[in-house]
Amino acid sequence: MAFLKAAKTILTSIIAAFSCQFGYTQSERPNVIIVLTDDQGIGDLGCHGNPWLKTPNLDSFYKESVRMTDFHVSPVCTPTRGAIITGRYPISNGAWATYKGRDALSEGATTIAQLFKQNGYKTGMFGKWHLGDNYPSRPIDLGFEYGVYHKSGGVGELSDYWGNSYFDDTYFVNEEPQPFKGYCTDVWFEETMKFIDRTKEPFFIYLATNAPHSPHYVAEKYAEPYKTLVRTEIPNAEFFGMIANIDENFGKLNAYLKEKKLADNTILIFMSDNGATAGYDSKNNLGYNMGLKGRKGEVYEGGHRVPFFIRWKDGKIRGGKDIDATAAHVDLLPTLASLCGIQPPTNERLDGIDFSNLFIDIKSTLPERTIFVHHGRDWRPPQDIQNTCLIKDKWRLVNGTELYDIEKDKGQSKDVSGEFPKLTGELLDSNTEFLKRIKSYSEYNELPYAIIGNAAQKEIKLTLQHAIGDGRPIWKSEHVAEGVKIHSLEHSIKVEKEGKYRISCRRWPKECSGPIQGIPDENPKNRFNYQSISPEKVRIKIANQIVEKKINPTDEEVVFEVYLEEGKTLVSTEFIESKETYGVYYTYLQPNN
């Protein structure tokens, strides 16, 4: 016991000393705000040299910040978000795709929000989560005390609240649907500031916008300045307009922090989740990508290198300087923990490193390492070598065969693997060792699942967007409205408590119900072209049980009662139409008490 007390005293002294090194005492821990935009490439900023896009507020922040100029994420959104939240690579935490069963964190995930909450921070999440819509993977399950967010990967997707369209939508406040007035990005920033108003410091905020991801909806005044440039200089005026709106909101947030005298002791970060999208069209020579090859979904530099600006005046992180050390999304958790005097989790599965020493001494170095870019497209594990990028300082090994010196060749036009066979082999060896470790983890080998029978969520909702299968993916609510059909689908669930369960199979979501063989009476905002389907039966398969029921003309749901034992299982719900079977669009499961 005496030894433990002494160890605790030493640890407290170390943390206090570290805290003083960054200019604050143990009782004055800094606030943290991470602003993460969606689909904004590294060239989609005025301060990064875009000759057409105006981002005055972000440009001003750029001048006040330390810029990590060689910062990497994943080439698509869910993998990046999971890596930020867990400090683990997507292939390690299991959230490596954007749909089809691999867009959720697994049960037992350790998150940055949990870490900060356990250390006295008030935690809030606003905007886009895309790491699971059901327990145990929702924001409120993983450390966020308060949140205002949409569901799944975007506003208006089929898993989101029916009828959402970026303007005057219904979002979820700690899982309860609530209507909001205004544009989605405006709502996220406004709700963030309201949260700060009523929250005692310190706070940790994850503000993840769904903009400028498609669909590119924005008020005309933001897009109008760019419309004359379309097809001659840029691909998309609305995309630029969405960024202009983000810039305006970022300026409001920054001004608010200064007005409330919070700016100096708030670690404020701006970054994006993947590479270029609608602001760059290499085939038609439109837009700007800072001379980098690649875009979203690709493993060349332009697919995963993103802006990363950080400011913390009280911690001496200021002054408009660049740091060219190579860093990644997995590093945020240990780095922010270190900056805030928090002991990072003692977890051998944590992949990130603490790069905060770079802010003290720009000439300091980081441990030698390889950064791994792996991501998948569905439930299947990412490929070991193909569709990967291995990053080590200035070197990029793409697909295991193409080696580039990014300092000399940022457009990645000259493969130098033949000149450096030893380095190529070393990078491949590091990947082999990494994968050997990762493939022993349950998150790699087992699908994430929704849990039924837990008091944290009485009823879970399963949609085709997240279903496991080989067919074409669907994710838009328009796909549902038009009756697009997909086949061979299953969902991964865990039964926490043995007993009777009610399974409701529906054509339309509960908030806009209608007959399975017809269409709803309501058409929110008159935005859908409803088409009817004509299934005669519904079939469910779950835990070694197969049951079919007939659909009556006026049925809005077909309900099954099944007895389930504790444990993990797969569930399939299908419509049967003549000789064709296809997935049920919405399935609701709850205990039948």
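See above for the structure.
The structure presented is a predicted model; accordingly, all values stated were derived computationally and were not measured.

Caption draft 1: A look at the pairing of strand β12 (residues 308-311). Residue alternation in β12 divides its side chains into two sets, Phe 308 and Ile 310 and Phe 309 and Arg 311, and both sets are buried. In the sheet, strand β2 (residues 66-72) pairs with β12 via two bridges, with the strands oriented antiparallel. Along β12, the bridge assignment pairs Arg 67 with Phe 309. Here strand β8 (residues 266-272) pairs with β12 via four bridges, running antiparallel. Counterpart to Met 271 in the pairing with β12 is Phe 308.

Caption draft 2: A look at the packing of helix α6 (residues 184-197) against helix α8 (residues 237-259). With their axes 9 Å apart at the nearest point, α6 and α8 run at an angle of 10° to one another. Classified by the angle between their axes, α6 and α8 sit roughly parallel to one another. Here Thr 185, Asp 186, Phe 189, Met 193, Ile 196 and Asp 197 of α6 come into contact with α8, specifically with Asn 245, Ile 246, Asn 249, Phe 250, Lys 252, Leu 253, Tyr 256 and Leu 257.

Caption draft 3: Broad picture of the packing of helix α2 (residues 56-64) against α8. With their axes 7 Å apart at the nearest point, α2 and α8 run at an angle of 50° to one another. Judged by the angle between their axes, α2 and α8 are oblique. On α8, the residues touching Pro 56, Asn 57, Leu 58, Phe 61 and Glu 64 of α2 are Asp 247, Glu 248, Phe 250, Gly 251, Asn 254 and Lys 258.

Caption draft 4: Structural context of the side chain of Asp 70. Tracing the chain through its elements places Asp 70 in strand β2. Polar contacts involving the side chain of Asp 70 include one to the side chain of His 72, which spans 2.7 Å. Leaving out residues up to four positions away in the same chain, Asp 70 has contacts with Glu 301, Arg 305, Ile 323, Asp 324, Ala 325, Thr 326, Ala 327, Asp 393 and Arg 396.

Caption draft 5: Up close: the sheet that holds strand β24 (residues 558-564). Strand order in this open sheet of four strands is β19-β27-β21-β24, and the pairing throughout is antiparallel. The outermost strands of the open sheet, each flanked by one partner alone, are β19 (460-463) and β24. Between one strand axis and the next, the sheet turns by 25° as a mean value, whatever way the strands run. In the sheet, β19 pairs with strand β27 (residues 586-591) via four bridges, with the strands oriented antiparallel. Across the sheet, Thr 463 pairs through a bridge with Tyr 586, a residue of β27.

Caption draft 6: Up close: the environment of Thr 123. With respect to the helices, strands and loops of the structure, Thr 123 is situated in strand β3 (residues 122-127). On the accessibility criterion, Thr 123 (0% relative accessible area) is buried. Ignoring any residue separated from it by four or fewer positions in sequence, one finds Thr 123 in contact with Ala 113, Phe 116, Lys 117, Gly 143, Phe 144, Glu 145, Tyr 146, Phe 195 and Phe 204.

Conventions we followed
Residues numbered from 1 in each chain as written. Predicted model: local features only at pLDDT ≥ 70, side-chain atom pairs only at ≥ 80, totals over all residues. Heavy atoms only, no water. Buried < 20%, exposed > 50% of the residue type's maximum accessible area, 1.4 Å probe, protein only. Helix = DSSP H or I, 4+ residues; strand = E, 2+ residues; numbered from the N terminus. Pairing = 2+ DSSP bridges. Axes fitted to C-alpha atoms, helices over the stretch in contact; angles between N-to-C directions. Parallel < 35°, antiparallel > 145°, perpendicular 65-115°, else oblique. Contact = heavy atoms within 4.5 Å. Polar contact = N/O pair within 3.5 Å; in protein donor to acceptor, adjacent residues only side chain to side chain.

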